[in-house]
Amino acid sequence: QVRLVESGGGKVQPGGSLRLSCAASGFTFSSYAMRWYRQAPGKERELVASIASTGGSTNYADSVKGRFTISRDNAKNTVYLQMNSLKPEDTAVYYCNTMDLRVNYWGQGTQVTVSS
């Protein structure tokens, strides 16, 4: 079965950096686009970044452009989210996602807190 396991979250000061990882299993990772979403308290889950199956195409929410970078290693079945210049408004639970035949698959999420 599809399994997505996020890691790398934590607490960081404004301006700091974190790198999230999502280890995937149970499907042919290299054939699927991958996404990072986030959900802040009291807000809807929002798409942060996406990457095509080959890694050749990426897209970002306007709020993170120029600060976050999504990448993937198909040999390791892992997708990453490098987050730089973090702001308090980046505080959220970050989720890894993929979709197959209109079915969404989610990891358990990893908490990112940006606070001084």
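Because the structure is a prediction, the values reported are computed rather than measured.

J.: I keep staring at the side chain of Thr110 and nothing clicks. Help me out?
T.: Along the chain, Thr110 falls in strand E11 (residues 110-114). Of the polar contacts made by the side chain of Thr110, one reaches the backbone nitrogen of Gly9; its length is 3.1 Å. When neighbours within four sequence positions are excluded, Thr110 is seen to be in contact with Glu6, Ser7, Gly8, Gly9, Leu20, Ala92, Val93 and Tyr94.

J.: Looking at this structure, how should I read the state of the cysteines?
T.: Each disulfide consists of a covalent bond between the sulfur atoms of two cysteine residues. Using the criterion set out here, one finds one disulfide in the structure. Each sulfur of the disulfide joining Cys22 and Cys96 lies 2.1 Å from the other. Sign of the S-S torsion, about -80 degrees for the bond between Cys22 and Cys96, identifies this disulfide as left-handed. Linking Cys22 in strand E3 (residues 18-25) with Cys96 in strand E9 (residues 92-100), this pair joins segments that are 74 residues apart in sequence. The same class applies to Cys22 and to Cys96, which are both buried.

J.: Please clarify how the nonpolar core should be interpreted in this entry.
T.: Buried together is how nonpolar side chains tend to be arranged in soluble globular proteins. Residues Trp36, Val79, Leu81, Met83 and Tyr94 are the most contacted members of the largest nonpolar core, which totals 27 residues. Counting residues per element, the ones that place at least two in this core are E3, strand E4 (34-39), strand E5 (46-51), strand E7 (68-73), strand E8 (78-83), E9 and E11. Excluding its chain neighbours within four sequence positions, the residues that come into contact with Leu81 are Leu18, Arg19, Leu20, Trp36, Val48, Ala49, Phe68, Thr69, Ile70 and Tyr94.

J.: What am I meant to see in the pattern of salt bridges here?
T.: Should their charged atoms come close, side chains of opposite charge can pair. For the structure on display, the rule yields four salt bridges. Residue Lys65 is joined to Asp62 by a salt bridge in which the shortest nitrogen-to-oxygen separation is 3.2 Å. With respect to burial, Lys65 and Asp62 carry one shared label: exposed. Across the pair Asp90 and Arg67 runs a salt bridge, and its minimum N-O distance is 2.7 Å. Of the two residues, Asp90 is situated in the loop between E8 and E9 and Arg67 in the loop between strand E6 (58-60) and E7; the sequence distance between them amounts to 23 residues. Residue Asp90 is classed as buried on the basis of its relative accessible area, which comes to 1%.

J.: For this particular structure, what's the right way to read the environment of Ala49?
T.: Summarising the element assignment, Ala49 is placed in strand E5. For the pair Ala49 and Asn59, spaced 10 residues apart in sequence, the C-alpha separation works out to 5.5 Å. The residues touching Ala49, leaving out its near neighbours within four places in the chain, are Met34, Arg35, Trp36, Asn59, Tyr60, Ile70 and Leu81.

The rules behind each value
- Residues numbered from 1 in each chain as written.
- Predicted model: local features only at pLDDT ≥ 70, side-chain atom pairs only at ≥ 80, totals over all residues.
- Heavy atoms only, no water.
- Helix = DSSP H or I, 4+ residues; strand = E, 2+ residues; numbered from the N terminus.
- Polar contact = N/O pair within 3.5 Å; in protein donor to acceptor, adjacent residues only side chain to side chain.
- Contact = heavy atoms within 4.5 Å.
- Disulfide = S-S within 2.5 Å.
- Buried < 20%, exposed > 50% of the residue type's maximum accessible area, 1.4 Å probe, protein only.
- Core = buried A, V, L, I, M, F, W, Y, C linked by side-chain atoms within 4.5 Å.
- Salt bridge = Lys/Arg side-chain N within 4 Å of Asp/Glu carboxyl O.

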